[in-house]
Amino acid sequence: APLHTVPAPHPDGATLYVAAAGSRFHAIDASTGATRWSGRTDGRVAGTASLSPDGRHVYFFTEDRGTFRKVDAASGALKFRSSDGTSVEGGAVLNRDGTVLYRVDLFGRVAALHTGEKGAD
């Protein structure tokens, strides 16, 4: 399936995380292009994913219901999922210590979501 987001690189540069048509999200080996893991989402992924500063988690939203997902970067296993029912416009930006993810909804409102990461001590 064709890719439809800009890839988000893992901090070590070995893996790229990207959404594809058909409500799929992939981890791709940056050297070979081989799929490391692939998962189904509940809608089209909005914008580029974000990675936690330590590279352990990938965060992304889907457009239609604003569903937020936190997945394990190595395996794709779902760690957390929630939805506020608001359509998301574009991607999201993670703050420097990985504790807050900011996104814009379809009406231009900015929302902050705590990621569950501990951040810098």
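Preceding block: the structure.
The model shown is predicted, which means the values in this text are computed figures rather than measured ones.

Participant: Let's hear about the pattern of salt bridges: which residues, and what values?
Facilitator: If the charged atoms of two oppositely charged side chains come close together, the side chains can form a pair. Going through the model one piece at a time under the given rule, you end up with 4 salt bridges. For the salt bridge of R36 with D29, the shortest nitrogen-to-oxygen distance reads 2.6 Å. Judged by relative accessible area, which is 44%, R36 ranks as partly exposed. Taking the shortest distance from any N to any O, the salt bridge between D42 and R69 comes out at 4.0 Å. Here D42 is found in the loop between β4 (35-40) and β5 (45-51), whereas its partner R69 is found in strand β7 (residues 67-72), with 27 residues between them in sequence. Summarising the burial analysis for this pair, D42 and R69 share the class buried.

Participant: Before we move on, could you go through the pairing of strand β6 (residues 57-62) and cite the residues and values that matter?
Facilitator: For β6, the buried fraction is high: 6 of the 6 residues fall into the buried class. Burial of the side chains of β6 extends over both faces: H57, Y59 and F61 are buried on one face and V58, F60 and T62 on the other. Relative to β6, β5 runs antiparallel, the two being bridged by 4 bridges. Across the sheet, residue L51 finds its bridge partner in β6, namely V58. Hairpin connection, β5 to β6: the antiparallel pair is bridged by 5 residues, and G55 has positive phi, about 75°. Pairing of β6 with β7, which is carried by 5 bridges, proceeds in the antiparallel orientation. Residue pairing in the sheet places Y59 in a bridge with K70 of β7. Where β6 hands over to β7, the hairpin turn is made up of 4 residues, of which G66 adopts a positive phi near 65°.

Participant: Before we move on, can you summarise the environment of G116 with the specific residues and values?
Facilitator: Relative to the elements of secondary structure, G116 occurs in the segment after β11 (110-114). Considering only alpha carbons, one finds G116 and L78, 38 residues apart in sequence, at a separation of 14 Å.

Participant: Describe the side chain of D42, listing the residues and the values that go with them.
Facilitator: Take D42: its relative accessible area is 18%, and that puts it in the buried class. In this structure the side chain of D42 is engaged in a polar contact, spanning 3.2 Å, whose partner is the side chain of T62. A polar side-chain atom of D42 sits 3.0 Å from a polar atom in the side chain of T67.

Rules and cut-offs
- Residues numbered from 1 in each chain as written.
- Predicted model: local features only at pLDDT ≥ 70, side-chain atom pairs only at ≥ 80, totals over all residues.
- Heavy atoms only, no water.
- Salt bridge = Lys/Arg side-chain N within 4 Å of Asp/Glu carboxyl O.
- Buried < 20%, exposed > 50% of the residue type's maximum accessible area, 1.4 Å probe, protein only.
- Helix = DSSP H or I, 4+ residues; strand = E, 2+ residues; numbered from the N terminus.
- Pairing = 2+ DSSP bridges.
- Polar contact = N/O pair within 3.5 Å; in protein donor to acceptor, adjacent residues only side chain to side chain.

Remember, this is a structural readout, not a statement about activity or role.
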